[in-house]
Amino acid sequence: MAAQQHSADSNYDVDVLIVGAGPTGLALAAQLASFGTSFRIIDRQLQRPAESRALALQPRTLEALRPFGISTELSGAGRPARALQLHLPEQTIPVDLSDTGIEDSEFPHLLFLSQARTEQALVSYLAGRGIRVERGVELQELERLDPEDPFAGVEAKVLRMDRGIDRVRARYVVGADGAHSTVRSKAGMDWRGSDYPGSYVLADLEADGVEPGVVHSYLNDDGFLLLFPLGSPAAWRMIGMKERGDQSAVTLESLQGIADRFTGGTVKLHDPQWTSSFKLSHQIAEYFQNGSVFLAGDAAHVHSPVAAQGMNTGIQDALNLGWKLALGARGLASEELVDSYDAERRPVGREVLAFTDRLFKLASSHSGLFKLPRTKLLPALAPKASGSKALRTRLFRAVSQLDIQYRKSGMVATGDSRLPAFLSAGPKAGDRLPDAVVREDGREIRLQELLATPGFQILLCGPGWPADTQLQLHNALGRLAPWLSVRRLNVGSRLAAPSTNEIQDVSGLAFDRLGLSVRRPELLLVRPDGYIGFRSEGTDLSGALDYLTRLTTPAAAEVASDADAAAQV
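These figures come from a predicted structure and were not determined experimentally. (Residues numbered from 1 in each chain as written. Predicted model: local features only at pLDDT ≥ 70, side-chain atom pairs only at ≥ 80, totals over all residues. Heavy atoms only, no water.)

Draft legend 1. Broad picture of the overall build of the chain. For the chain, the helix and strand inventory stands at 15 helices and 29 strands. Expected size for 569 residues packed as a compact globule is a radius of gyration near 25 Å; at 25 Å, the chain falls within 12% of this value. Principal-axis analysis of the C-alpha atoms places the extent of the chain at approximately 85 × 60 × 40 Å. Here the chain holds 569 residues, and the buried ones make up 55% of them. When contacts within the chain are restricted to residue pairs at least 6 apart in sequence, long-range pairs at least 24 apart make up 71% of them. Working note: accessible area of the chain is about 24300 Å², and carbon and sulfur atoms make up 51% of it. Side-chain charges in the chain split into 61 positive and 68 negative, and the spacing between the mean points of these groups amounts to 4 Å. (Helix = DSSP H or I, 4+ residues; strand = E, 2+ residues; numbered from the N terminus. Rg over C-alpha atoms; globule rule 2.2 N^0.38 Å. Buried < 20%, exposed > 50% of the residue type's maximum accessible area, 1.4 Å probe, protein only. Contact = heavy atoms within 4.5 Å. Areas by Shrake-Rupley, 256 points an atom, 1.4 Å probe, with all protein chains shown as cover. Lys, Arg positive; Asp, Glu negative; His and termini not counted. Charge placed at Lys NZ, Arg CZ, Asp CG, Glu CD.)

Encoded structure:
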C-alpha cells in the first residue's frame, strides 16, 4: 500500500514530515509506507551522495529490514566478514569471524556493504510504491500549531529550490538530518558530549600487500589503522589516524604515510576513489522527543565508527518509531505508546555511545592509561581469546545488536506464567523474536519472514486452544483488524496436512528457541518491530486483550468510554 499524499485529518497536510533522506529517514519512510501512512520526506541535497562513511550492516538490521523485501538482496550484494587479522607490533593474530555461533538468525555475519547501496535499495522500495524523496528542500523553521499544546502538531517552513517557501502542517516531524540537525536545533533539544582529539581519514582505494577478503586491524603506540574489504567502489575502505597536529589535505602520499606508520611499509596504496578528512565526536541529544518532534539516527546520537554501530542504530531507531507514529496517525495508539520511543531508544543510544567510546579510546588514545591495554594486555590475551568460540559468540551478539532488548519498557508485559520470569525459558517480553525455519501451507519459510508484515502478530503456541480462539481475538479487537494477524504454532510433521493459519515447527527448533513446550499452551504477541510485546501461558486471552487495548487506545477514546460507562450507571 502506497502512502497517501495527504492526511485524512484536515488539520494536517501530512501525518509525518521526515527531514533527511539518509538510511534512517529512508527506513522510516519505508515503514510508514507499509502502513499506508501519509508522509513527505525531504532532503536539502540535490543528489544522493555516491560515497558513504558507513560500510557494514549488522544481522539485526538485516532482520529489521525484512518487511520491505530487501534483506536477501542486500545480503547477496554484500561481503560477509569471515576473518580478521589483528596486526600487532610483533605478531599477527588471525581471528575466525565465519563461525560466530549465531544459529537463531538467517544473517549470522557482519555484512560489508556500502551505505549508498543500502540507501538505493530503500529508495527503490519507495519508488515501487510511487514515493519519491523531495530533494533540494531545506527546513527553515518549526512552529507549534497550538502554542499551548506541544503534541498538537507542527507547521514547518521549508525552502524549495524550485519554487520558494512552502509551509507544511504535520502531525509529527522526525529529524533524521544528521549530526548538525536543523530539526534538533529548531526544536530546542540539547546536544551533549564532546569531540575526540585529532583528525582521521577515510578512503576508498586499492591496496597491495594485504590478504584479500579479510579485515585488517593494525595497532601500535600511535593508535590504529583499519582496512575493510569493501569491493565497490574500490577494493578497500581505509580508516586511519593522522599524526597529532596534522591539518594538511588528504592525498595519496599522505595516506601512504599513515599506512607506513602502522604497517612498516608492507602495504602499498593506489587508485583512491574517494578520500575524506574528519573529526570525530561522541554526543547524544538530551531527549529524542519534544512534543510532536522526534530525532533519529545521527540527529539523536553520534559516535566513533568502531564496531559499525552508527547507521545500524539509526535504522533501528526509525523502525522502532515508525509503527508507533503510523498507529498514532490512525488514532490507534495511546499517548504512552507514541511517547515510548524516547524511553526505549535513548537507553540504546547511551549504551552504544558508551561501548564505542571505550573501544575507540582503547584503540586511539595516546595516554598511558589507555595505551596499556592496547600495547601490553592485548598481545598477551588476544591469542587465547581468539580461539574461544564462546567468547567470540558473546562479543558478536553484542556487536551485531541481536541482544538489544526492551524488557524495562512500559510497552511490554508478561501475563500468567508457572515460573518467575528469571526462571522461565526462552526470550522474555521485550526481547527480539528469534528465528527458525518453519512450514506453512506446505512450504518452508523463516519464522521472522512469515511475521514480517505490518501490524501485530499473535502466535497461539502448543495444544489446548479452542477452535474459535482466532475468531474471539478478531471480534474483540475489530478496530485493529487490518493490523492484526493470528496464527497457530505447533510442532508438526512434513507428512501432516497443512491447516489454515497454522505454522508447523517440523525441526522443533522454533519451540526450543522460543522456550515453548508441546505439553502446554502459550501465547506470544509480536510487535511490528519484531520484538515480543506480550507473553503468557494458558489459553486465557484477557491479558493479551488488555495489553493491546492499553497500547492502541488514545486518551480521548478512554475518556469517551469512561463517560459512556458512567451514563449507563
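Draft legend 2. The arrangement of unusual backbone geometry in detail. At Q401, a residue that is not glycine, the phi angle is positive and equals roughly 70°. By relative accessible area, which is 1% here, Q401 ends up buried. Of note, D441 is a non-glycine position whose phi angle comes to about 55°, a positive value. Examined against the element boundaries, D441 turns out to sit in the loop between β23 (437-440) and β24 (443-446).

Draft legend 3. Inspection of helix α12 (residues 469-476) at higher detail. What α12 keeps buried is the set T469, Q470 and L473. One side of α12 holds all its buried residues, which, seen down the axis, span an arc of 100°. Facing away from the buried side of α12 by over 90 degrees, the exposed positions are L471 and N475. Residues of α12 that are buried sit in contact with β25 (456-461), β26 (484-491) and α14 (542-552). (Arc of directions from axis to C-beta.)

Draft legend 4. Molecular detail of the confidence of the model for the chain. Per-residue pLDDT for the chain has a mean of 89; in total, 90% of the residues score no lower than 70. Ignoring residues within four places in sequence, the model shows residues 559-569, a span with pLDDT below 50, making 0 contacts including any to other chains. (pLDDT = per-residue confidence, 0-100.)

Draft legend 5. How the structure looks around the packing of helix α1 (residues 23-34) against helix α4 (residues 115-127). Taken N-terminus to C-terminus, the directions of α1 and α4 make an angle of 25°; their axes are 9 Å apart at the nearest point. When the interaxial angle is binned, α1 and α4 end up roughly parallel. As α1 packs across α4, the resulting crossing turns out to be left-handed. When α1 is examined against α4, the residues P23, L26, A27, A29, A30, A33 and S34 are found in contact with a partner set consisting of Q115, E119, L122, V123, Y125 and L126. Broken down by class, the residue content of the contact of α1 with α4 amounts to 10 nonpolar, 2 polar and 1 charged. (Axes fitted to C-alpha atoms, helices over the stretch in contact; angles between N-to-C directions. Parallel < 35°, antiparallel > 145°, perpendicular 65-115°, else oblique. Left-handed = near helix turned anticlockwise from the far one by under 90°. Nonpolar A, V, L, I, M, F, W, Y, C, P; charged D, E, K, R; others polar.)

Draft legend 6. Geometry of the pairing of β26. Summarising burial for β26: 7 of the 8 residues are buried, a large majority. Pairing of β25 with β26 involves 6 bridges; the strand directions are parallel. Paired with I458 across the bridge in β26 is V486. The β-α-β motif built from β25, the intervening α12 and the parallel element β26 has right-handed crossover chirality. One ladder, built from 4 bridges, connects β26 with strand β27 (residues 502-505); its direction is parallel. Following the sheet pairing, V491 is matched in β27 by D505. (Pairing = 2+ DSSP bridges. Right-handed = clockwise from strand over helix to strand, strands pointing away.)

Draft legend 7. Molecular detail of a negative patch on the surface. A contiguous patch of negative charge, built from D146, E148, D149, E335, E336 and D339, is present on the exposed surface. Relative to the assigned elements, D146 resides in the loop between β9 (137-144) and β10 (154-160). (Patch = residues over 30% accessible without salt bridge, like charges linked within 9 Å, V, L, I, M, F, W, Y side chains within 5 Å. Salt bridge = Lys/Arg side-chain N within 4 Å of Asp/Glu carboxyl O.)

Draft legend 8. Geometry of the sheet that holds strand β4 (residues 79-80). The antiparallel open sheet is built from 3 strands, whose spatial order is β3-β7-β4. Two strands in the sheet have a free side with no partner beyond their single neighbour: β3 (56-57) and β4. Taken together, the 2 bridges between β3 and strand β7 (residues 111-112) define a ladder with antiparallel strand orientation. Following the sheet pairing, A56 is matched in β7 by F112.

Draft legend 9. Focus on empty space enclosed by the protein. Within this structure, the stated rule accounts for 2 cavities of 30 Å³ or more. Lining the largest cavity are 23 residues, with P67, A452, P528, D529 and G530 sitting closest to its centre. Put simply, the parts of the chain that give the lining of the largest cavity at least two residues each are α1 and α2 (59-64). For the lining of the largest cavity, the per-class residue count stands at 11 nonpolar, 7 polar and 5 charged. Counted as a void, the second largest cavity has a volume near 60 Å³. Residue lining of the second largest cavity: R60, A64, Q316, L319, N320, R345, Y406, D529 and Y531, and that is the complete set. (1 Å grid on protein atoms, 1.4 Å probe; cavity = no way out; pocket = protein on both sides within 12 Å on 5 of 7 lines; lining within 4 Å. Points joined across faces, edges and corners; volume = space filled by probe spheres on them.)

Draft legend 10. Up close: the packing of aromatic side chains. If you walk through the whole model with that rule in mind, you get 14 aromatic pairs. Ring geometry for Y196 against F360: centres 4.6 Å apart, planes inclined by 50°, an arrangement best described as tilted. Here Y196 is found in the loop between β12 (191-195) and β13 (200-208), whereas its partner F360 is found in helix α8 (residues 335-364), with 164 residues between them in sequence. This pair shows no difference in class: Y196 is buried, exactly as F360 is. Considering the side-chain rings of F288 and Y341, the 6.1 Å spacing of their centres and the 40° angle between planes classify their relative orientation as tilted. In this pair, F288 sits in the loop between β18 (281-285) and β19 (289-290) while Y341 sits in helix α8, placing the two residues 53 residues apart along the sequence. Note on accessibility: F288 and Y341 belong to one class, buried. Connected via pairs of aromatic rings, a cluster forms that spans Y196, Y200, F224, F278 and F360. The lysine or arginine in question, R184, covers the ring of W191, its NZ or CZ lying 3.6 Å from the ring centre. (Phe/Tyr/Trp six-rings, centres within 6.5 Å; stacked < 30°, edge-to-face > 60°. Lys NZ or Arg CZ within 6 Å of the ring centre and 35° of its normal.)

Draft legend 11. The environment of K157, seen in detail. Among the structural elements, K157 can be located in strand β10. Sequence separation of K157 and R167 is 10 residues, and the distance between their C-alpha atoms is 4.7 Å. Apart from residues lying up to four places away in sequence, K157 is in contact with E138, L139, Q140, E141, I165, D166 and R167.

Draft legend 12. Seen up close, the pattern of salt bridges. Going through the model one piece at a time under the given rule, you end up with 37 salt bridges. Two residues, R261 and D222, come together in a salt bridge whose shortest N-O distance is 3.8 Å. Taken as a pair, R261 in helix α6 (residues 252-263) and D222 in the loop between β14 (215-220) and β15 (223-229) lie far apart in primary sequence, 39 residues in all. The salt bridge involving R527 is made with D529; its shortest N-O contact spans 2.7 Å. An identical accessibility class is assigned to R527 and D529; each is buried.

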